[in-house]
Amino acid sequence: MTLYLGVDVGSTRTKLVVWDAEADVLVSGASVRTPVVPGPVERRDHAAVWDALGAMARTLPDELRRGIRAVSVASIGEEIALLGDDGRSVGPTPCWYALDRADDARSGEQLSREHLAFLRRNDPGLVARAVGFTDVGSHIAMRLAGLAAELSVMDRSHASRTGFIAPTGEWDAAAVAENRVEEVGRLPRLVESGEPLGPISPAAAASWGLPHDIVVHAGGHDHFCGALAAGAAEPGDVFVSVGTSESVLQLVDREAVAAWPADGLERGFFVTPGLGYLHGSRRSGRRIAGLLTRHGLASLDPLYLELDDPAGSRRSHAASELEDELHRQADASAALIARQAEASGIATRKVVIGGLPATQPAWRRIRREALSVPVSFASETELSGKGAAMLAAPERSRR
C-alpha cells in the first residue's frame, strides 16, 4: 500500500481519510462535527478544529499511521484565519454562512469582503493582534509544517475565492488596497495546490501520532478537491457538489481565466496546474433543511421512499413539496451548467455529481431528467478528503 492522508474541514463535518494510491481506495477514515463557537454569528474555532483533527488521527490504526507518506488539507473557501507570529489563529472568526443571509449563496468575493468588513467593525482587537492571514485549510497545513506567519501560504484555488487575486495568479494590488486587506496582516505567499510545504514538524507529528518523515503539501478548496477525486480532469468537465450549498464547477484552460468577464460567474484557478474554472453556487441544502423543519421531520428518508413508489399512492404533502423543490433545484443547476458552457465557449463533456443526496434514486432520476448531457454520480462519499490525499501524492495521481 502507498498511503496518503487527506484532511477535509467542511462547513458541518471535519474528516480524515487515508487513501491507498496503488489500489485507489480509501482504507480508513474518521469524522466529527466541525467545531464552532455558538452565538448570534457562529464562528469557526480554529484551535478546536486542530485539536479535533489530532484526536481523530490518533484513532487511526497504528499500521496505517506508520505507512502514511504525506498529507494535504481541503477546506471551505470563504473564511479567513487571522494569524499570530507563530502562525496559529489568534481567535475564532465568522463562519461563511453566518454572514450570508441570502437564500442563494452570493459569490465568494462578496463573502470575503463582508468577512473583512465584519472583523474590522466587530473585532478590532482581534484584527490588531493579527500579523497575517490565510484560509482555514492552509492554516492547518501551516501548523502541520510548523510555519510561522512570516512564511504563511495560501493555495491559488482558495485565493481565487477571495476576490483579491489577479488573472496572472498573483495578488491584485488594486483590489488589496481598495479592500484594505493588509490591515489584517501580511499577504500570504501564493502556491499551487499540491506544492510541498516541508516536513511535518516534530510537535505536530507527536500531537497527531504520525511519522516524523511525512511531507506536508498545499491543499485546496473542498469543492475543487472533490472535483479532482470525482475525475474532473479536462476543459468541459463539470462537477456538481451537493451539500450545505450546491457548487457547480466547469473546468477551462487556465489561460481563459485571464478574460475574467464581469458576467456574474466566478472564475479562478483549479487544483490542477494548467486548469482554471467557472463556478457558481446555490443554497440548496438550507432550503431542504427548512422543509424538514416546517414538517417536523428528522430525516428525508421517508419522503424519498414515497418518491420512489411508482404508484404514488402514499404521496404526502411533505413528499410532494420535496419533489417540487428537487425539480426546482435540478432546473436551476442545469441552467447554470448551460450558462457556464455558453460563457466559456466550451461544450460540456460530462457532468459528475457527488454528495449525500446523490445516493438517492429519486434524486438521481430528477437530475437526469433535467440534463441533456451525459451525467454520472460519484459513488465515493468522501470526495473532498480523497482529493486532498491525491494532492499529497508526489506523482499527483489523477484517477
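Refer to the structure printed above.
One numbering rule holds for all chains: residues counted from 1, following each sequence as written. Reporting in this predicted model follows two pLDDT cut-offs: at least 70 for local features of residues, and 80 or more for side-chain atom pairs to be given and counted; totals over whole chains, interfaces and linings ignore these cut-offs and use all residues. As a rule here, side-chain values come from all non-hydrogen atoms in the structure, and water together with hydrogens is ignored.

1. Things to note about a nonpolar patch on the surface
Item 1. There is a patch of nonpolar side chains on the surface, built from Met 1, Val 25 and Val 27 and spanning about 260 Å² of accessible area.
Item 2. Locating Val 27 in the fold gives a position in strand 3 (residues 25-33).
Item 3. Categorising residues by exposure relies on relative accessible area from a 1.4 Å probe, with only protein chains included: less than 20% of the type maximum marks a residue as buried, more than 50% marks it as exposed, and the intermediate range marks it as partly exposed. On the basis of relative accessible area, Val 27 is assigned to the partly exposed category, the value being 32%. For patch detection, residues must exceed 30% relative accessible area and be free of salt bridges, and they are connected within 9 Å for like charges or within 5 Å for nonpolar side chains (Val, Leu, Ile, Met, Phe, Trp, Tyr). In this description, accessible areas are obtained by the Shrake-Rupley approach with a 1.4 Å probe, and a residue is regarded as covered only by the protein chains that are shown. Think of a salt bridge as a Lys or Arg side-chain nitrogen and an Asp or Glu carboxyl oxygen that are within 4 Å of each other. The secondary structure listing takes helices from DSSP runs of H or I that are at least 4 residues long and strands from runs of E that are at least 2 residues long, numbered from the N terminus.

2. Observations regarding the packing of helix 10 (residues 284-295) against helix 12 (residues 317-344)
Item 1. Where helices are involved, their axes are fitted lines through C-alpha atoms of the stretch in contact, as for all axes, and angles between N-to-C directions lie from 0 to 180°. Where helix 10 contacts helix 12, the axes come no closer than 11 Å and their chain directions differ by 170°. Classified by the interaxial angle, the pair formed by helix 10 and helix 12 is roughly antiparallel. Residue-level inspection shows Ser 284, Arg 287, Ile 288, Leu 291, Arg 294 and His 295 of helix 10 in contact with helix 12, the latter providing His 317, Ala 318, Glu 321, Leu 322, Glu 325, Leu 326, Arg 328 and Gln 329.
Item 2. For the contact of helix 10 with helix 12, the per-class residue count stands at five nonpolar, four polar and five charged. Working rule for angles: under 35 degrees goes down as roughly parallel, over 145 as roughly antiparallel, 65 to 115 as roughly perpendicular, anything else as oblique. Residues count as neighbours in contact if any of their non-hydrogen atoms are within 4.5 Å of one another. Polar here means any residue other than Ala, Val, Leu, Ile, Met, Phe, Trp, Tyr, Cys and Pro, which are nonpolar, and Asp, Glu, Lys and Arg, which are charged; Gly is therefore polar.

3. Regarding the nonpolar core
Item 1. Among the nonpolar cores identified, the biggest contains 45 residues, and Leu 5, Leu 53, Leu 144 and Trp 208 are the most heavily contacted of them.
Item 2. Those elements that provide at least two residues to this core are strand 1 (3-9), strand 2 (13-20), helix 1 (46-59), strand 6 (68-75), helix 5 (136-145), helix 8 (202-208) and strand 13 (215-221).
Item 3. If you tally residues by element for this core, the top one is helix 5, at six residues.
Item 4. If we ignore the near neighbours within four places in the chain, the residues touching Leu 144 are Trp 50, Val 71, Val 73, Pro 199, Ile 200, Ser 201, Ala 204, Trp 208 and Val 216.
Item 5. Each nonpolar core is a collection of buried residues, namely Ala, Val, Leu, Ile, Met, Phe, Trp, Tyr and Cys, held together in the definition by side-chain atoms within 4.5 Å. Core analysis: the second largest hydrophobic core is formed by 30 residues, Val 248, Leu 303, Ala 330 and Leu 336 among them.

4. Here's the deal with the pattern of salt bridges
Pairing between side chains becomes possible if they bear opposite charge and their charged atoms approach one another.
Item 1. On inspection of all chains with the given rule, the structure shows 21 salt bridges.
Item 2. Measuring nitrogen to oxygen at the nearest pair gives 2.5 Å for the salt bridge that ties Arg 161 to Glu 78. Of the two residues, Arg 161 is situated in the loop between helix 6 (156-159) and helix 7 (173-178) and Glu 78 in the loop between strand 6 and strand 7 (81-83); the sequence distance between them amounts to 83 residues. Of the two residues, Arg 161 and Glu 78, both sit in the buried class.
Item 3. Among the salt bridges present, the one from Arg 349 reaches Asp 237, with a minimum N-O distance of 2.7 Å. A residue pair is termed long-range when its members are at least 10 positions apart, and Arg 349 in the loop between helix 12 and strand 18 (350-354) and Asp 237 in strand 14 (residues 237-242) qualify at 112 residues.
Item 4. Exposure remark for Arg 349: the relative accessible area of 39% places this residue in the partly exposed category.
Item 5. Through salt bridges with shared partners, a single network forms among Arg 156, Glu 170, Glu 192 and Arg 254.

5. Looking at the side chain of Ser 247
Item 1. As for its placement among the helices and strands, Ser 247 is situated in strand 15 (residues 246-253).
Item 2. As used in this structure description, the phrase polar contact means that two N or O atoms lie within 3.5 Å; if the pair is within protein, one of them must be able to donate a hydrogen and the other to accept it, and residues adjacent in sequence are counted only when both atoms belong to side chains. Within the structure, Ser 247 has its side chain in polar contact with the side chain of His 279 (distance 2.7 Å).
Item 3. Excluding residues that lie within four positions of it along the chain, Ser 247 makes contacts with His 223, Phe 239, Val 240, Ser 241, His 279, Gly 280 and Ser 281.

6. Examining the packing of aromatic side chains
Remark: the centre distance and the inter-plane angle together describe each pair of aromatic rings, the angle taken between the planes.
Item 1. Note on ring pairs: Phe, Tyr and Trp rings are taken, using the six-membered ring of Trp, and paired if centres are within 6.5 Å. Classes follow the plane angle, with under 30 degrees stacked, over 60 edge-to-face and the rest tilted. Using the criterion set out here, one finds six aromatic pairs in the structure.
Item 2. Summarising the aromatic geometry, the rings of Tyr 4 and Trp 19 are spaced 6.1 Å apart at their centres and angled 40° between planes, so their arrangement reads as tilted. With Tyr 4 in strand 1 and Trp 19 in strand 2, this pair connects stretches of sequence that are 15 residues apart. With respect to burial, Tyr 4 and Trp 19 carry one shared label: buried.
Item 3. Summarising the aromatic geometry, the rings of Phe 224 and Phe 270 are spaced 6.4 Å apart at their centres and angled 55° between planes, so their arrangement reads as tilted. Linking Phe 224 in helix 9 (residues 222-230) with Phe 270 in the loop between strand 16 (266-269) and strand 17 (275-282), this pair joins segments that are 46 residues apart in sequence.
Item 4. By way of ring pairs, the aromatic residues Phe 224, Phe 270 and Tyr 277 are connected into one cluster.
Item 5. It is Arg 364 that lies over the ring of Phe 377; its NZ or CZ is 5.9 Å from the centre. Put simply, a charge is over a ring when the Lys NZ or the Arg CZ is close to the ring centre, within 6 Å, and near the line of the ring normal, within 35 degrees.

7. Overview of helix 13 (residues 361-370)
Item 1. Those residues of helix 13 not exposed but buried are Ala 362, Trp 363, Ile 366 and Arg 367. For helix 13, the arc enclosing every buried residue in end-on projection is 135°, short of the 170-degree limit, so these residues lie on one face.
Item 2. Where helix 13 is buried, its residues touch strand 14, strand 15, helix 11 (301-308), helix 12, strand 18 and strand 19 (375-377). Arc definition: directions from the helix axis to the C-beta atoms.

8. Remarks on the state of the cysteines
Item 1. Sulfur atoms of two cysteines make up a disulfide when they are within 2.5 Å. Following the criterion strictly, the structure yields zero disulfides and no others.
Item 2. Here Cys 95 stays unpaired: no disulfide links it, and the sulfur of Cys 225, its closest cysteine neighbor, is 20 Å away.
Item 3. Given a relative accessible area of 0%, Cys 95 falls into the buried group.

9. Brief notes about the packing of helix 12 against helix 13
Item 1. At a minimum axis separation of 9 Å, helix 12 and helix 13 run at an interaxial angle of 40°. The orientation of helix 12 relative to helix 13 falls into the category oblique. The two elements helix 12 and helix 13 cross, and the hand of that crossing is right-handed. Across the interface between the two elements, Glu 323, Leu 326, His 327, Gln 329, Ala 330, Asp 331, Ser 333 and Ala 334 from helix 12 touch Trp 363, Arg 365, Ile 366, Arg 367, Glu 369 and Ala 370 from helix 13.
Item 2. Of the residues assigned to the contact of helix 12 with helix 13, the class counts are six nonpolar, three polar and five charged. It is the rotation of the near helix from the far one that decides the hand of a crossing: anticlockwise by less than a right angle makes it left-handed, clockwise makes it right-handed.

10. Overview of the environment of Asp 20
Item 1. Looking at the element boundaries, Asp 20 is found in strand 2.
Item 2. Asp 20 sits 17 residues away from Leu 3 along the chain, and the two C-alpha atoms are 4.7 Å apart.
Item 3. When sequence neighbours within four positions are dropped, the list of residues in contact with Asp 20 reads Met 1, Thr 2, Leu 3, Val 25 and Val 27.

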